[in-house]
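Fold and contact review
So you can see what is in the structure, the chains are spelled out below.
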Amino acid sequence: MKKVFAILLVILFIQTAIPQSQQRGRGNFTPSPIGTITGQLIDSLTNKPIEYGNVVIFSRRDSSMVNGAVTDETGKFNIDNLMPGMYYASLTYIGYSRVVIDSIKITPGSPVQDIGSVLLVPASYLLSDVVVSTEREAVITNLDKKVINVDQMITSAGGSALDVMQNIPSVAVNADGGISIRGNSNVTILVDGKPSALSGLSSDDVLTQIPAASIESIELVTNPSARYNPDGTAGIINIVLKKRTNLGINGMINLNAGTGDRYNSTLNLNYRSGDLNFFANIDGRMNTFKRDFVTNRTNFLPSGSTYLFQTQDGKNQMLSGNANVGADYMPDDFNTITLSVQFRKFGMTSESDFNNSLFNNTGNLFNYFTRASEGEREVNSMTYSLGYKRNFETRRHELTTDVIYSRNRMNFNESIIQNNFNPDLTPVGTDPYLQSSEARNRHNMLILQTNYKNPISENASIEAGWKSTVRDLTMRFNYFNFDYASGLWIENLSMQDFFNHKEQIHGAYAIYGGKTGNFRYQAGIRGEQLIADYEFSKGSNLVEKDYLSFYPSAFLVYDFTPGEELRASYSRRVDRPHPRRLNPYVNYSDSLNISFGNPNLDPQYINSFELGYSTFFGKTNIAPNLFLRHTNGLISQISTLRDDGVTETTFRNLTDEYAYGIEITGATEILPWWRINANYSYFQTEIKDAGLYEGLSRKSVSWMAKVNSNMTLWEGILFQLSGNYNSPRLEAQGKSHAMYTIDGALRKDFLKGDLTVTLRVSDILNSRRFNSETFGSRFYSSDERRFDSRNVFLGISYRFNNFKRSTDRERGMGDDSEMDVF
């Protein structure tokens, strides 16, 4: 690995050292500010000058703000004292669409650049490229994704990324912290556009470790293009972390405390001097979670029906610390090298008490036992990233290369004490049954990728890239029983298990986009070769996979008027089974409900179609969206009942799933101090499988609604209410019941916005319950899960030296929106 980094560093050094005509000279002196940019803002409808318009100049090198001005009564502006280099200008006025002027070049030979008269188009709407207030919208709809600005969602202040997810349109969070989009749980989670170093863990583990205070925005991509990895049939959630490039030292400190022993802190630091920019993000979390589960199950056995009643009380205590440090080296306006190291340490202790009562068909108790468990899990991960970005004179013409290596280590130990009782509740024997287990998991991952973008003309662009991912995952599981005769722990070899997962994915993509008249279009294709083998100790010892797949995508947009457009898109995606689903290791944590993976699972493929429309009525934006998903080889969780009354849960490929519906997103200003964002999704899911309960098909009609109300009660105080509702939803073997929550928060700014105090209450009505029903041909079960979700949090944030949103890149201008080059 060290050789790879050394070779890449040499290549990057040579690249930056070679003289290039477009690079700025770097002598042994500091050039003087000689440049001036002038121009004028004009109203496109009245042809009159715009007074008090905003003009901001940004450096092409890193998108940092350099200088700005306000137009005079004639609409003219003059910005002086600019160093030689490449710039772009952002021109805005309240109620008008923003205009960006690219590639403004200041040289000693041409120090003055006049961009002429710039026409601004009036618009009564608010998008990511229109600035009409000092606050950003909580939810912004771009061409291919929704961007959720986390700073505007104060009902998740002091929480984690998992708390943020509960307020994202189209997204639902289940009792286990699993994420789903429009009812589909196969979601790919990225951090800063890259796979998380903790990708071997569940989404709950990954999301609870990322503080909300460290997140700049969340990007929800429901129909990704060929640019993205095809994994995740429901779509992609990209978590964009905060990073600033202001000159000098600046940063933010965030402290939060909540009821129920929940504490967290975050420190963001940035230091910029000349060609170097250093950044650091450090956080720590200490949280306690309590839970309460109840299960009622009827078993239809050949010997007669039996009834199981289970209760579980448990508590998890989490302690985690994360640190991400790095530096950007920008030798000139065209080259940037970024090196970063991320360390994560995560610890979780858990304890639970099971009470299990079994009754016969006459209602008499015939078996009762208690099962107490204590577990301890520790995760350590390191991620090393080296990136290179090459900008060219034309804006958005760029080449990027990344090398990412991560190593993840997880150790888990659990001890179980089981006490058995006679029907009269007298103990069976004098000594309880003692069992312990241990798991040792290791996950190494190497990613090599490069991407190239080129706007080859005013109305056309090309993009291409390549990516290789190499994974090596090993899992070891051991069980031990205590032998009272010898006083020793005896290894249970029949339950011992190991699982080795080695995988290589090599892919390349190409995209062409263009514009003709009011039409914008884009078409792309991605090809990926997978080479993998799974070695395990249960059943067949080795499974090998080797296949090539192609994933096309297409986007078409028709602009009626500014702010009114019709969009159509298509993409093909895949869900390759996660190692947890493949590993046949048997989990005996609940001896009456065991689970294991299926090494013979095949990938499931999805074809996704969307048709959307967006328009504005005064200060109201509405965006309906029709969608259709067809999944072939659907992977579903299936439970069966054995003759001894124990359920076995595993995974299998079903035949087909169809999901279609409508989603409506809207935002409106009811009063100047009161804005509302809302989202409504209505969809039907149909599962067809010839082998599922003698050819039974399942149909489900579900809907979800989310509303965020933001009220500025008086100067400096913001009050926010967030409401979520998920309707009942059918699964392959049952249904989940309706669930609703309401969160509230108050935020007050002090010291000109540098100091912020937030008070929030989660789950005000204490209604966050996860109830569900599961059935099979021989059993019926109802479950209720509750958590201590109603809590009060107090948070304090302090920003120093202008640690604020200061670049268009942070505002979404430099994102990867589809076809945003036109």
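Residue positions within a chain follow its written sequence, with the count starting from 1. In view of the model being predicted, local features appear only for residues whose pLDDT reaches at least 70, and side-chain atom pairs are presented and counted only at 80 or more, with totals across whole chains, interfaces and linings using the full set of residues. With hydrogens and water set aside, each side-chain value is computed from the structure's full complement of heavy atoms.

Looking now at the overall build of the chain. Counting from the N terminus, the helices are the DSSP runs of H or I reaching at least four residues and the strands are the DSSP runs of E reaching at least two. When helices and strands are counted, the chain shows 4 helices and 45 strands. Here the chain, with 822 residues, has 52% of them falling under the buried criterion. Taking all contacts inside the chain whose residues are at least 6 apart in sequence as the whole, residues at least 24 apart take part in 67%. For the chain, the exposed area adds up to about 35400 Å²; of that, 57% sits on carbon and sulfur atoms. Partly exposed residues are those whose accessible area sits between 20% and 50% of the maximum for their type, while under 20% is buried and over 50% is exposed, using a 1.4 Å probe and protein chains only. Any two residues having at least one pair of non-hydrogen atoms within 4.5 Å are treated as being in contact. Computed with a 1.4 Å probe, the accessible areas rest on the Shrake-Rupley method; for each residue, only the protein chains presented here act as cover.

This brings us to the pattern of salt bridges. Salt bridge, as used here: a side-chain nitrogen of Lys or Arg that lies within 4 Å of a carboxyl oxygen of Asp or Glu. If you walk through the whole model with that rule in mind, you get 21 salt bridges. Arg642 serves as the salt-bridge partner of Glu648, at 3.0 Å between the closest nitrogen and oxygen. Relative accessible area serves as the criterion here: at 21%, Glu648 is assigned to the partly exposed category. The class for Arg642 is partly exposed, based on a relative accessible area of 29%. Overlapping salt bridges bring together Asp231, Arg526, Glu528 and Arg576 as one network.

We now examine the nonpolar core. Working definition of a nonpolar core: buried Ala, Val, Leu, Ile, Met, Phe, Trp, Tyr and Cys residues. They are joined through side-chain atoms within 4.5 Å. Ranked by internal contacts, the top residues of the largest apolar core, which has 25 residues, are Met165, Ile179, Ile218, Ile237 and Ile239. Of all the elements in the fold, those that place two or more residues in this core are α2 (161–165), β10 (171–173), β11 (179–181), β12 (187–191), β14 (215–221) and β15 (235–241). Top element by residues in this core is α2. It accounts for 4 residues. Grouped together as the second largest cluster of nonpolar side chains are 22 residues, Tyr547, Val574, Leu582 and Phe651 included.

This brings us to the side chain of Asn335. Within the fold, Asn335 resides in strand β20 (residues 335–359). Asn335 sits in the buried class, given a relative accessible area of 0%. Within the structure, Asn335 has its side chain in polar contact with the side chain of Tyr388 (distance 2.5 Å). For the purposes of these results, a polar contact is taken to be a pair of N or O atoms within 3.5 Å, where, inside protein, one atom must be able to donate a hydrogen and its partner to accept one; residues adjacent in sequence count only when each atom of the pair is a side-chain atom.

On to the sheet that holds strand β1 (residues 35–43), then. The sheet built from 3 strands is open, its strands ordered β4-β1-β7 with mixed pairing. Each edge of the open sheet is held by one strand with a lone partner, namely β4 (76–82) and β7 (112–120). The average undirected angle you get between the axes of adjacent strands in this sheet is 15°. Pairs of strands are assigned from DSSP output, requiring at least two bridges between the strands. As paired strands, β1 and β7 are joined by 7 bridges and run parallel to one another. Directly across from Thr38, in β7, lies its bridge partner Asp114. Axis definition: a line fitted to C-alpha atoms, limited for helices to the stretch in contact. Angles are taken between N-to-C directions and run from 0 to 180 degrees.

Let us look at the environment of Glu610. Topologically, Glu610 is positioned in strand β31 (residues 604–617). When the C-alpha positions of Glu610 and Arg629 are compared, they lie 8.8 Å apart, and in sequence the two are 19 residues distant. Only 3.2 Å separates the side chain of Glu610 from the side chain of Asn625, close enough to count as a polar contact.

This next bit is on the pairing of β12. With 5 of 5 residues buried, β12 lies mostly within the body of the structure. Of the two faces of β12, the one lined by Val187, Ile189 and Val191 and the one lined by Thr188 and Leu190 are each fully buried. Note that β12 and β15 share 5 bridges and pair parallel. Bridge pairing in β15 links Thr188 to Ile236. The sheet contact formed by β12 and strand β13 (residues 194–195) spans 2 bridges and is antiparallel. Bridging from a neighbouring strand, Leu190 pairs with Pro195 of β13. If you look at the hairpin formed by β12 and β13, you'll find 2 residues sitting between the two strands, and Asp192 has a positive phi there, around 55°.

With mixed pairing, the 3 strands of this open sheet are ordered in space as β30-β34-β33. Looking along the sheet, the strands with just one partner apiece sit at the ends: β30 (593–595) and β33 (635–641). The mean angle between the axes of side-by-side strands here comes to 30°, regardless of whether they run parallel or antiparallel. Here β30 runs beside strand β34 (residues 647–653); their pairing, made up of 3 bridges, is parallel. By the bridge assignment, Asn593 is partnered in β34 with Thr647.

Let's shift gears to the environment of Pro331. Tracing the backbone shows Pro331 in the loop between β19 (304–329) and β20. The sequence separation of Pro331 and Asp275 amounts to 56 residues, and the corresponding C-alpha distance is 5.6 Å.

With that settled, consider a nonpolar patch on the surface. A cluster of nonpolar side chains, namely Phe617, Ile622, Ile664, Tyr680, Tyr682, Val701 and Trp703, defines an oily patch on the protein surface of about 600 Å² accessible area. If you list the elements that add at least two residues to the nonpolar patch, you get β36 (674–688) and β37 (698–714). Only residues whose relative accessible area exceeds 30% and that take part in no salt bridge are eligible for patches, with like-charged residues grouped when within 9 Å of each other and nonpolar side chains (Val, Leu, Ile, Met, Phe, Trp, Tyr) grouped when within 5 Å.

So, about the pairing of strand β35 (residues 656–671). Summarising the sheet, strand β32 (residues 620–632) and β35 pair through 13 bridges and their orientation is antiparallel. Looking across to β35, one finds that Asn621 is bridged to Ala667. Alignment of β35 against β36, held across 15 bridges, turns out to be antiparallel. For Thr665, the partnering residue across the bridge sits in β36 and is Asn679.

Moving on, we get to the packing of aromatic side chains. Stacked, tilted and edge-to-face are the three classes assigned to paired rings of Phe, Tyr and Trp, where Trp is represented by its six-membered ring and a pair needs centres within 6.5 Å; plane angles under 30 degrees give stacked, over 60 edge-to-face, the rest tilted. Counted under the stated rule, the structure contains 21 aromatic pairs. For the ring pair Tyr680 and Trp703, a centre distance of 5.8 Å and an interplane angle of 40° mean the geometry is tilted. Here the residue Tyr680 occupies a position in strand β36, and Trp703 occupies one in strand β37, the gap between them amounting to 23 residues. With a relative accessible area of 33%, Trp703 lands in the partly exposed category. Each ring, one from Trp703 and one from Tyr725, has its centre 4.7 Å from the other, and the planes form 35°; the classification is tilted. On the criterion of sequence distance, the pair formed by Trp703 in strand β37 and Tyr725 in strand β38 (residues 717–726) is long-range, its members being 22 residues apart. Counting every residue linked through ring pairs, the aromatic cluster contains Phe477, Tyr479, Tyr585 and Tyr588. In our convention, an over-ring charge means Lys NZ or Arg CZ found within 6 Å of a ring centre and within 35 degrees of that ring's normal. Directly above the aromatic system of Phe750 lies the positively charged group of Lys748, at a separation of 5.4 Å from the ring centroid. Note that Arg785 overlies the ring of Phe293, its terminal NZ or CZ placed 4.7 Å from the centroid.

Let's shift gears to the environment of Gly429. Tracing the backbone shows Gly429 in the loop between β22 (398–421) and β23 (433–457). Take Gly429: its relative accessible area is 56%, and that puts it in the exposed class. Once the C-alpha coordinates of Gly429 and Asn419 are considered, the two residues, 10 residues apart in sequence, prove to be 9.1 Å apart.

Here we come to a negative patch on the surface. Together, Asp292, Asp313, Glu351, Asp353 and Glu374 line one region of the surface with negative charge. With respect to the helices and strands, Glu374 occurs in strand β21 (residues 365–391). Asp and Glu are treated as the negative residues and Lys and Arg as the positive ones, with His and the ends of the chain left uncounted. Each charge is placed at NZ for Lys, CZ for Arg, CG for Asp and CD for Glu.

What follows concerns unusual backbone geometry. With a phi angle near 70°, Leu425 is a residue other than glycine that sits in the positive phi range. Structurally, Leu425 can be placed in the loop between β22 and β23. Phi angles above zero are rare outside glycine, and Asp763 is one such case at about 50°. By secondary structure assignment, the location of Asp763 is in the loop between β42 (755–762) and β43 (769–776).

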